[in-house]
Amino acid sequence: MRVLISGASFAGLATAFWMTRLGYRVTMVELTSGLRRGGTPVDIMGETIDILTRMDLLYAVMAKTLAPRGFAFKDEDDTTLGGFPADAGEQDPAQARYEIHRDDLLDILFAAVDGTVDLRFGRSIRQLSESPAEVTVTFDDGVEETYALVLGCDGNRSNTRALAFDDAETASYFMGGYFYLRVVPETGLLPGDTSQLFSVPGKSAMLNGYHDRTDICLAFRAGRPIDYDFRDKAAQRRLIHQQFDGLGWKVPAMLAHVDAEGDFYFDQANQIRMQRWSKGRIALVGDAGYCVSPLAGMGGSMALIGAAHLADALARHPGDHSAAFDAYEAGLRPFVEQVQQRAATTGMSMLFPADEAELAERNRQLREGTIAL
Ligand SMILES: Cc1cc2nc3c(=O)[nH]c(=O)nc-3n(C[C@H](O)[C@H](O)[C@H](O)COP(=O)(O)OP(=O)(O)OC[C@H]3O[C@@H](n4cnc5c(N)ncnc54)[C@H](O)[C@@H]3O)c2cc1C
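In short, a report on the structure. Computed from a prediction, not measured in an experiment: that's the story for all the values here.

## Quick look at the side chain of Ser 278
Part 1 of the reasoning: With respect to the helices and strands, Ser 278 occurs in strand β17 (residues 278-279).
Part 2 of the reasoning: On the basis of relative accessibility, which here comes to 8%, the residue Ser 278 falls in the buried class.
Part 3 of the reasoning: Looking at Ser 278, its side chain comes within polar contact range of the side chain of Arg 276, at 3.0 Å.
Part 4 of the reasoning: Here Ser 278 is in contact with Phe 165, Ala 283, Phe 325 and Glu 329, once residues within four sequence places are set aside.

Following this line, the structure appears as C-alpha cells:
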C-alpha cells in the first residue's frame, strides 16, 4: 500500500515513521528545498513523552533537552509580578516537561525516517482526484501517481486542505491578534534559561533567553484581520512600530532588533477548525487539520500526538481507512477542542490581555499565585 504525505515537518515526519512501521510504502513531498528550520523551542510533555518512548526517540530528545526555564511576568520597572519557577513540577514524573530546539527535534525525526521513505524536496501536490480504490495525485512537475491514502501534514496554510476539503476557506479562525517573532544571537537583555513577559492593554512583549540566543516576540490585538502585503517586510516593521513605539520596559531594545537586517516571522494568531479531518482517502494531521496556535504552546506536541493517534487507528482497523479515520478523529477531537478553547480564552487573556480589565484580572491572579496557563 502506497501512502503520500505532504509536508516534512513534525506531523509529516512522525506520520512517515508510523506509516512505515505499519508496512506502508511512504512517499513524501516537501515544498521547500530542505527541512524548514527556525522558530522557538518545542515543549514535550504528557502524552508526547509516551509517544516518543514508543518511537524509541525519547533518549535522543533528552540528550538535546534545554535547561528548565523560569517564566516571569514583569511590569514597566522590570519588577516581577509573578510567574513560574524553573523547577516547577520537577519531582512529579507526571509533570515531566522537556524543552528542545525546534531544529533539534526536526533532525531527530528526520534521522528516524531517513532511508526508509522516498522524500522529495521542492515538490508539491497540484491536484488530487479520488476514486473508490485510490487517489490520483498530480504533482507540480506534472508527474501523475496513484496512492491508497494521502495524508496532509502541510501546516497551517495546508495545500492538501485547500485542494480536497470544501470548508478549507472558512477553516481559519482569527484569534484577534498578530505576533512578531525573531530569533537573534544572545542579547544580554535577560538571564539565560528564563522567559519574561511585559503587557499593557492589547500589547505584549516577550523575551525568551537561552545561553546562545534570544527570542524577541511582540504581539498586539486587532479587532479584525489587517490588510497587509505578506511579502512587504518594511510594511510589517512599520506595523510593529505603530503598536510598540513609546512603550517602556525593554521594548525600545527589542524594537532595535525589529529594525535590524534579518529574517523574522509576522502573522496573525489563528487556529484551524475543520468540520472533518478526513474526506475519503485523504486525511489531515497536525496544524493542517487542527492548528491550536502558538498561544497553546503545544503545536509541535499536537503534531506528534496526531500522527500516533492516526497510526493507532489504522492499526486497529486494518484495510478499512474509513473506520480508521473516524476513530482517529473521535479519539483526538475532544482533546484538540479543549486545547483550542483554552488557548483562545485563558491563553489569550493571560499572555495577551485585551484591555485594562483583563490585565487587572491577570495581575490579581499573579499576586494570589493562582494563575494557570
Ligand atoms: C519554519 C517554521 C517555524 C515555526 N516556528 C514556530 C514558533 O516559533 N512557535 C510556534 O508555536 N510554532 C512555530 N511553527 C509552527 C509549528 O512548527 C507547528 O505548530 C507544529 O510544528 C505543527 O507541525 P506541523 O508539521 O503540523 O506543521 P509545520 O511545522 O508548519 O510544517 C508544515 C510543513 O509543510 C510544508 N509545506 C507547506 N506547504 C506545502 C506544500 N504545498 N507542499 C509540500 N509541503 C508543504 C512546510 O514547508 C513545512 O515543512 C513553525 C513552523 C515552521 C514551518
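## What about the packing of helix α1 (residues 10-21) against helix α9 (residues 299-316)?
Part 1 of the reasoning: Packing of α1 against α9 leaves a shortest axis separation of 8 Å and a crossing angle of 25°. Between α1 and α9, the angle falls in the class roughly parallel. Where α1 crosses over α9, the handedness of that crossing is right-handed. Side by side, α1 and α9 meet where Phe 10, Ala 11, Ala 14, Thr 15, Trp 18 and Met 19 of the first sit next to Gly 300, Ala 303, Leu 304, Ala 307, Ala 308, Leu 310, Ala 311 and Leu 314 of the second.
Part 2 of the reasoning: Here the residues of the contact of α1 with α9 sort into twelve nonpolar, two polar and no charged.

## Observations concerning the side chain of Glu 30
Part 1 of the reasoning: With respect to the element layout, Glu 30 can be found in strand β2 (residues 25-30).
Part 2 of the reasoning: No salt bridge is formed by the buried Glu 30, whose closest oppositely charged neighbour, Arg 36, lies at an N-O distance of 5.7 Å.
Part 3 of the reasoning: Excluding residues within four positions of it along the chain, Glu 30 makes contact with Gly 7, Ala 8, Arg 36, Leu 119, Arg 120, Phe 121, Gly 122 and Arg 123.

Conventions adopted
- Numbering of residues starts from 1 in every chain and runs along the sequence as written.
- It should be noted that, the model being predicted, local features are given only for residues of pLDDT at least 70 and side-chain atom pairs only at 80 or more, the latter also being counted only at that level, while totals for whole chains, interfaces and linings use all residues.
- Side-chain numbers come from the whole structure's heavy atoms, not from hydrogens or water.
- Each helix is a run of H or I in the DSSP string that is no shorter than four residues. Each strand is a run of E no shorter than two, and both are numbered from the N terminus.
- Exposure is judged per residue with a 1.4 Å probe applied to protein chains only, and the accessible area is read against the type maximum: over 50% gives exposed, under 20% gives buried, and values in between give partly exposed.
- Here a polar contact means two N or O atoms within 3.5 Å. Within protein one must be a hydrogen donor candidate and the other an acceptor candidate, and residues neighboring in sequence count only if both atoms are side-chain atoms.
- In this description, contact between two residues means that some pair of their heavy atoms is separated by no more than 4.5 Å.
- The axes are straight lines fitted to the C-alpha atoms, using for helices just the contacting stretch, and the angles between their N-to-C directions are given from 0 to 180°.
- Roughly parallel refers to an angle under 35 degrees, roughly antiparallel to one over 145, roughly perpendicular to one between 65 and 115, and oblique to any angle outside these ranges.
- Helix crossings get a hand from a simple test, with the near helix turned counterclockwise from the far one by less than a right angle marking a left-handed crossing and a clockwise turn marking a right-handed one.
- Lys, Arg, Asp and Glu make up the charged group, whereas Ala, Val, Leu, Ile, Met, Phe, Trp, Tyr, Cys and Pro make up the nonpolar group; the residues left over, Gly among them, are polar.
- As used throughout, the charge tally considers Lys and Arg to be positive and Asp and Glu to be negative, leaving His and the chain termini uncounted.
- Here, a salt bridge means any Lys or Arg side-chain nitrogen found within 4 Å of an Asp or Glu carboxyl oxygen.

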